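# Secondary and tertiary structure notes
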Amino acid sequence: MRKLTIAAVALASTAFTGPVSADGHGHAKISDSKVELTVHMHHKRYTSYDESWPVEVAACEMTNVCLKNATIGSNTKNSGEAMNLLLASGKIPDIVGTSRIKDVVNQYGPQGAFMPLNDLIDEHAPHLKAYFDERPNVRSALTAADGNMYYIPYLPDGKYGRAFWMRTDWLDKLGLDVPQTVEEYENALRAFRDGDPNGNGLKDEVPYFARQWEEVIRLVTLFGGRSSGSDTYHDFMVEDGQIKHPYAETGYRDGIKGLARWYAEGLIDAEVFTRGSSAREYLLSENLGGATHDWFASTSGYNRLSKDIPGFEFKAIAPPANVNGERFEEHRRIPIKPDGWAIGGMNKDPVTTIKYFDFWFSPEGRRLVNFGIEGEQYDVVNGEAIFKPEFLDAGPVNSQLYQIGAQLHARGYFQDYKYEIQWSNEFALEGIALYDEGDYLIDQFLGVAFNVDEQAVYDKHWPSIRTYMLERQQAWILGSGDVEADWDSYTAELEKMGLSKVLSAMQSAYERQYNS
Ligand code: CA
C-alpha cells in the first residue's frame, strides 16, 4: 500500500497579486517575472509534455507561467502504469495531468498527494468559478467523498454523440418510409435482408451492424430497456433519484428477448461480436451495411462513398418509438471526462498554479486550447475563430490540433463546440438538427466518488457481477439460453453476488454528492 503524507502548504505565504485579467486584449500575465512549474502529463496519444508545442510556447508568453516536463513513465502508453510509477516515486510535480485522473485524485488527494481546489478557485480563479457556478451538477460530479474537488477535467462541449443511421437510398429503393416505430424499424431491416437493395442478386446485405458490439445491446432501448446510464457502456443509471443497473431491469429482459430474435433472423450482423472496429468502414464501403448506431461527425463522412456507389445515402434518422411509444436517444456526450489535471500536493505556488489553470478558461486561453494559434491554424472573422481553409483541408482536424498541443485531454479545459462544427458535414448538421428538434436526449448519470467503505463494497462485488451480466447477455443474444426462462435465476444470482450491496453503496455516495 502506498502511503502519502504531505504537509499542508501555507497557501497565504505564496499568494501572488500580479495582474490577472483576460479581457481578450492580451493581458493574461499571471506573474511579472517568469515562473516555471513542473508537470507530469501522460496520455496514450502523447506520453509526455512537450515544451515546444506551439500552444504551450504561446501560453508561456501570454501568462509568464511556463511548464517544464517532469513526466514519469513516458516509455509506456499506459497512463495508469505511469501514474503508479509517479506515485511510487513520491515526487509529485507541481501539476499532474493524465487520462483517467479522477479516481487517482479522489483516492490520494485526501491523503495529501493532490491539493483541494475549492478555496483556490473561489479566491483566485474567476473563470473557473463562473464555469462551476453556472453548472452546479458538474461541481457535484467532481466532488470527492471528503467534499473537496481535486482536479480540473477536460470538459467536452456539444450534446450530441451517436444517432441511428440508415441507408435512406435503400429505403427509397424498397418503397419504404423512414421508420418511425420499432415495428417499422424491424420491417425495414427485414426488407434490407430480403429485398436485395444493393442490387447484386445476392442475399448479402447486413441489415444492422456496429463497430462496437455494445451498440447491439443499445437497441434494448427500442424494447423499453436501457443499456447504460452514461456515455460509458454498461454503466449504472439514475431513475427518480434511485441508482439502478439497467441489466437488472425487466425492460432490458424484454429487449434482450427481442434482440435474440433479431439476431436469429439475421437482422443483426452474425459477426457483430467479432467483426470489430473496422465493421463500419468495411460494410459501408462494400455496399453491404444497412443501419447502425454511431457518431454524427465520423459516420456522416461516409456519404463520400456516393462517388463510388451510385445513390449512396447514409442519414441519421430520429430514434424510432419503442414498444412503449417513447422516442429517445440514450447516448450523449458526457459533460465531464475523468481526464484532466490537478495540483500536486508539494506544489510551492498553488495560487499561481490555479491562476494558470484559470487562464485556460479565459476567452483567450480557451481560444488557444481549442483552435491553436491565430494566423497559423485560424483567423479571426467577425470576432470568431475560423479555421483556415488550408488547415481544414490538410487532414483530420483533431489530429492536427493534438500535434500543436491543442485539445489535449490530459489538461483541464472547456472544449468549444464551434471548433467541431467547422468540420462537420451537411449530413451531420442535418442529423443534429433533427435530434435537436425532437429533443430526444435524456439525462445521464454523472458518476459518484466513493468513500473508503463504499469503494471496498464496490471492489469486492462489482467486477464479478459485471462479468456475469456480460456473459449472460452475449449468450442470450447468440441463442444459448432463453432470457425469459432464465430471468428469475439470473436475478437471484445477481442478488447472491451482492448487487443490492453495490447499489446501496452507490446510492449513499450519490446522495452525499448530489443532494447536499
Ligand atoms: Ca444483395
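Scroll up to find the structure this text is about.
Let us look at the structure shown here.

Definitions and limits used
Residues numbered from 1 in each chain as written. Predicted model: local features only at pLDDT ≥ 70, side-chain atom pairs only at ≥ 80, totals over all residues. Heavy atoms only, no water. Pairing = 2+ DSSP bridges. Helix = DSSP H or I, 4+ residues; strand = E, 2+ residues; numbered from the N terminus. Contact = heavy atoms within 4.5 Å. Axes fitted to C-alpha atoms, helices over the stretch in contact; angles between N-to-C directions. Phe/Tyr/Trp six-rings, centres within 6.5 Å; stacked < 30°, edge-to-face > 60°. Buried < 20%, exposed > 50% of the residue type's maximum accessible area, 1.4 Å probe, protein only. Parallel < 35°, antiparallel > 145°, perpendicular 65-115°, else oblique. Nonpolar A, V, L, I, M, F, W, Y, C, P; charged D, E, K, R; others polar. Disulfide = S-S within 2.5 Å. Donors = N, O, S within 2.8 Å, 3.2 Å for Na, K, Ca; no water.

## Quick word on the sheet that holds strand E3 (residues 95-98)
The mixed open sheet is built from six strands, whose spatial order is E2-E1-E3-E11-E4-E14. The open sheet has two free edges, formed respectively by strand E2 (65-69) and strand E14 (413-414), since each of these has just one partner strand. Looking at chain direction, E3 and strand E11 (residues 340-343) are connected through four bridges and run antiparallel. In the strand pairing of E11, Thr 98 is matched with Gly 340. The strands touched by helix H13 (residues 350-359) are strand E1 (35-42), E2, E3, strand E4 (152-155) and E11; relative to E11, the strand with the most contacts, the crossing angle is about 160 degrees.

## A look at the packing of aromatic side chains
This model, assessed by the stated rule, comprises 37 aromatic pairs. Where Tyr 46 meets Trp 53, the ring centres are 5.6 Å apart and the plane angle is 85 degrees; that geometry is what we call edge-to-face. Pairing Trp 476 with Tyr 490 gives two aromatic rings, centres 4.9 Å apart and planes at 75 degrees, and the pair type is edge-to-face. With Trp 476 in helix H19 (residues 452-477) and Tyr 490 in helix H20 (residues 483-497), the pair connects residues that are 14 residues apart, well separated along the chain. For the pair Trp 476 and Tyr 490, a shared accessibility class is recorded, and that class is buried. Feature note: the residues Tyr 160, Trp 165, Phe 209, Phe 296, Phe 312, Phe 314, Tyr 435 and Tyr 440 constitute an aromatic cluster, connected by ring pairs.

## Some points on the packing of helix H10 (residues 250-264) against H19
Taken N-terminus to C-terminus, the directions of H10 and H19 make an angle of 40 degrees; their axes are 8 Å apart at the nearest point. With respect to H19, the element H10 is oriented oblique. Residues Tyr 252, Ile 256, Leu 259, Ala 260 and Tyr 263 of H10 touch H19, and the partners they reach there are Met 469, Gln 473, Trp 476 and Ile 477. Tallied by class, residues from the contact of H10 with H19 come to eight nonpolar, one polar and no charged.

## What to know about the state of the cysteines
Applying the stated rule across the entire model yields one disulfide. One disulfide bridge connects Cys 60 with Cys 66, the sulfur atoms lying 2.0 Å from each other. In this structure the cystine formed by Cys 60 and Cys 66 twists about its S-S bond by roughly 70 degrees; its chirality is therefore right-handed. In terms of burial, Cys 60 and Cys 66 fall into one category: buried.

## A closer look at the coordination of the calcium ion
Ideal geometry at a metal gives 109.5 degrees between four tetrahedral donors and either 90 or 180 degrees between six octahedral ones. Only Asp 196 (OD), Asn 198 (OD1), Asn 200 (OD1), Leu 202 (O), Asp 204 (OD), Glu 205 (OE) and Glu 205 (OE) from the protein reach the calcium ion as donors, at distances of 2.2 to 3.0 Å. Along the chain, the residues donating to the calcium ion fall in the pattern D-x1-N-x1-N-x1-L-x1-D-E.

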